[in-house]
Each structure stands twice: as C-alpha cells, then as structure tokens.
Amino acid sequence: MPQIMNFPSYRHSLNRMFASHLLGAATPGLMPGAPAATRPPQGERTIATFNAAQPAAHRAATFSYPIHIERAGIDSLPQACGVYVLRGANDMPLYVGRSLNLRGRVLAQLNSHDEQMLVRQTRRVEHHRCAGELGAELLEAQMLRELRPLHNKKTRDKRCLFTLRLDAEGRPGVTRVSEHEVAAKHPLFGVFASERAAQEALHQLVAQHGLCSFVTGLETSTGEGMACFGRQIRRCRGACTGEESHHEHQLRLTQALEELRIVAWPFAGRMGIVEHNDGVRQVHVIDQWRYLGTLDSERRQLTMTGSPKNRPGFDLDSYKIIIHPHLLGQLEWTPVPA
C-alpha cells in the first residue's frame, strides 16, 4: 500500500528550504561556497541582524512630520547655526533653543519621546540664522528674557543684582545693586543673581585663600585672641590670633577680590562684535556689556531704542557670554554709529 504523504509537513519543509536559500543568497558569507574573505572564521557563530543604523538622509526622508505643525517652518530650517522658537496656539512662545545645526536639532526634538507634550502643543517653528555661536548665545538669552517661553527654565529677574563690596573698615559684604550702578564703573567684585549666591561666593573666597572669618565678618569673635573656625582646622593663617598682621591679611583679601572684579566697559560708547561664517556676516551691537541687537544684510534695526526708558545698563547674561572671549582677545570689535 503506497505511503500517504503528509501534505502540511511537506509544505512546511519546502518553506524552510526556500527560506534557507533566500537567507543564504542575501548573506553570501553564510553560504558554504562563499569566498574566504566573506566567510566567518572557523568556529565563530555569525548572526544576521537587520537593525543596523540607517543613513541620515534616509532618516530625514522617512521622518514622520507632525501634521498639526506648519510644514513651511520645518522645511525652511537650515543646517546652520541659529536660534529657534517653538510656538503654540495664538503664537504663544513655548520653547526657545539654539543649535549649531538648526534642522537636525529641531527634527530630533520633534521626534523625541520625552518631548511629546511640547510637540503636541507646537503649531509653528520659527528660526533666526546666526553667523556663529556667540551671536546665537546672545540672541537666545535676549529672547528667553523677553518671551519667557512656557517650557524653558524660568529666568530670574536680574534688574536687582548682588555684589561684594568693602565697607569703611575694609570688610567684604554683600550689597544689592541695580544694573545702572554696575554700569557706572564703581569697583564691584562679582555680580550675582541672588543674595544667597553672593554669600556662598564670599565663603568660598575666604576658604580658598586662607582668610580669617573673624576679620572678614563671617563669624563673630567671642573674645580677643580667640581662634576662628578656619584657624582651628588650619585654613586661616592666624589673623584672628595675631600670627598674621592685619595689613598682610588685608593685602591678601584685596588680591583675592581682584579675581572677581567686574571689568569696566572699556569703550566710550556702543561697539559691535563682528562675526562671520559661511558667507553670513553679522555685527552684534553691545553697550555697557548689554546686547542691543544684530546688524546684517537683512536686519538693520536694533531691538532696543535709544529712549531714556531703555538706556543701556549692565546685563549679567551678556557679560558672562562676552567677557571671557574678550579678555582672551578672541573678539573682533568695530565702532558702531550712534
């Protein structure tokens, strides 16, 4: 009696044979007759994987654009340095950021699982091209202060700042100052956004330079010749116990404070910082360390007017961005007409 063929098992065997053949054709290194250069080493197990990273062009072509966001703003993003704004309903500013590659940064943010709440609220993408990173930092700081976007960390109001000053007896203390007082070229040592930050800076200064907490007023002495806490742990050099003279201690205190001295505005009026890259040339206008705006071929008007209400004063954010490259001689300054 002829043997009855098990058709389901037979079909299953054929499927396995065809699958094995196709896999071998797609990966010739796994074929028995493949050249030696493509065959795996003797005894080494090779596992085929289909999770290899796709090229950037492929990722951009297959990116799923959120349909609720205006497509024109996304398409116009350049692969260049600048600042971008994600805006929501009624053009509300939601987020301000900067990047050396605006297109890559925004697409990554729109495709991030951690940013889905922000993406759902976004309706439009706005960008501002910058010639370099310095201009992008200055513009971002200004827009954060003016727009106060919903999803950025809230910036502190810096119209009232804190600094360190020496009193009539030569003791350093924390003092509250305004922007215009800082711009008036008074000798100030450090500018801080809060009183607590200024106090911490003073304590750190005393500890780093072996100064006396009694003489500097950070501790109250209970009697003449008593050792401060710093002297007890051998940090203070003994100004409290008479082992160091008051003159020597005061000289070291003055030298230590010089490291924090605010650099006075070195020009008679407003100046421009020239920045150029990839055919884009911009002049960032600065006065009293405050960023006023940028001049280029497209934008001829500064963001701040010359009215008495908006006279330039010291700006802590701009100062922090500009001062280090300025002291290193890395900035190209140019006069700007009033």
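Residues numbered from 1 in each chain as written. Predicted model: local features only at pLDDT ≥ 70, side-chain atom pairs only at ≥ 80, totals over all residues. Heavy atoms only, no water.

**Structural notes on the environment of Ser 213**
Here is step 1: Following the sequence through the fold, Ser 213 ends up in the loop between helix 8 (195-208) and helix 9 (229-232).
Here is step 2: Taking the C-alpha atoms as reference, Ser 213 lies 8.4 Å from Cys 240; in sequence the two are 27 residues apart.
Here is step 3: Every residue in contact with Ser 213, bar those within four places of it in the chain, is listed here: Val 206, Leu 218, Glu 219, Cys 228 and Phe 229. (Helix = DSSP H or I, 4+ residues; strand = E, 2+ residues; numbered from the N terminus. Contact = heavy atoms within 4.5 Å.)

**Some remarks on the nonpolar core**
Here is step 1: Counting residues in hydrophobic clusters, the biggest one holds 32 residues, and the most contacted among them are Ile 286, Phe 314, Ile 322 and Trp 333.
Here is step 2: Of all elements in the fold, only strand 1 (82-87), helix 6 (133-147), strand 7 (271-277) and helix 11 (316-327) reach the threshold of two or more residues within this core.
Here is step 3: Take this core: its biggest share by element is seven residues, from helix 6.
Here is step 4: Discounting chain neighbours no more than four positions away, the residues touching Ile 322 are Leu 138, Ile 273, Ile 286, Trp 289, Leu 331 and Trp 333.
Here is step 5: One finds Tyr 65, Ile 69, Leu 107 and Val 119 within the second-largest nonpolar core, a separate group that totals 15 residues. (Core = buried A, V, L, I, M, F, W, Y, C linked by side-chain atoms within 4.5 Å. Buried < 20%, exposed > 50% of the residue type's maximum accessible area, 1.4 Å probe, protein only.)

**Comments concerning the sheet that holds strand 9 (residues 290-295)**
Here is step 1: On the basis of which strands lie adjacent, the open sheet formed by four strands has the order 9-8-7-10 and antiparallel pairing. Edge strands, defined here as strands with exactly one partner in the open sheet, are strand 9 and strand 10 (332-335). Averaged over neighbouring strand pairs, the angle between their axes works out to 35 degrees when direction is ignored.
Here is step 2: Strand direction decides the pairing type here: strand 8 (residues 280-287) and strand 9, joined by five bridges, are antiparallel. (Pairing = 2+ DSSP bridges. Axes fitted to C-alpha atoms, helices over the stretch in contact; angles between N-to-C directions.)

**As for the packing of helix 6 against helix 11**
Here is step 1: Two elements in contact, helix 6 and helix 11, have axes whose closest approach is 10 Å; the angle formed by their N-to-C orientations is 170 degrees. Of the possible angle classes, the one that applies to helix 6 and helix 11 is roughly antiparallel. Within the contact between the two elements, helix 6 uses Leu 134, Glu 137, Leu 138, Ala 141 and Arg 145 and helix 11 uses Asp 317, Ser 318, Ile 321 and Ile 322.
Here is step 2: Residues that form the contact of helix 6 with helix 11 fall into these classes: five nonpolar, one polar and three charged. (Parallel < 35°, antiparallel > 145°, perpendicular 65-115°, else oblique. Nonpolar A, V, L, I, M, F, W, Y, C, P; charged D, E, K, R; others polar.)

**Overview of unusual backbone geometry**
Here is step 1: With a phi close to 60 degrees, Asn 90 is a non-glycine residue in the positive phi region.
Here is step 2: The topology assignment puts Asn 90 in the loop between strand 1 and strand 2 (93-99).
Here is step 3: Given a relative accessible area of 80%, Asn 90 falls into the exposed group.
Here is step 4: You will see that Gln 288, though not glycine, has its phi angle at about 55 degrees, which is positive.

**So, the sheet that holds strand 6 (residues 189-192)**
Here is step 1: The three strands are arranged 5-4-6 in an open sheet whose pairing can be described as antiparallel. Each edge of the open sheet carries a strand with a single partner, namely strand 5 (172-178) and strand 6. Along the sheet, successive strands turn relative to each other by an average axial angle of 30 degrees, direction set aside.
Here is step 2: Pairing geometry for strand 4 (residues 160-166) and strand 6, over three bridges, is antiparallel. By the bridge assignment for strand 6, Thr 163 is matched with Val 191.
Here is step 3: Most of the contacts of helix 10 (residues 246-258) go to strand 4, to which it runs at about 150 degrees, and overall it touches strand 4, strand 5 and strand 6.

Honestly, it's all geometry; don't read function into it.
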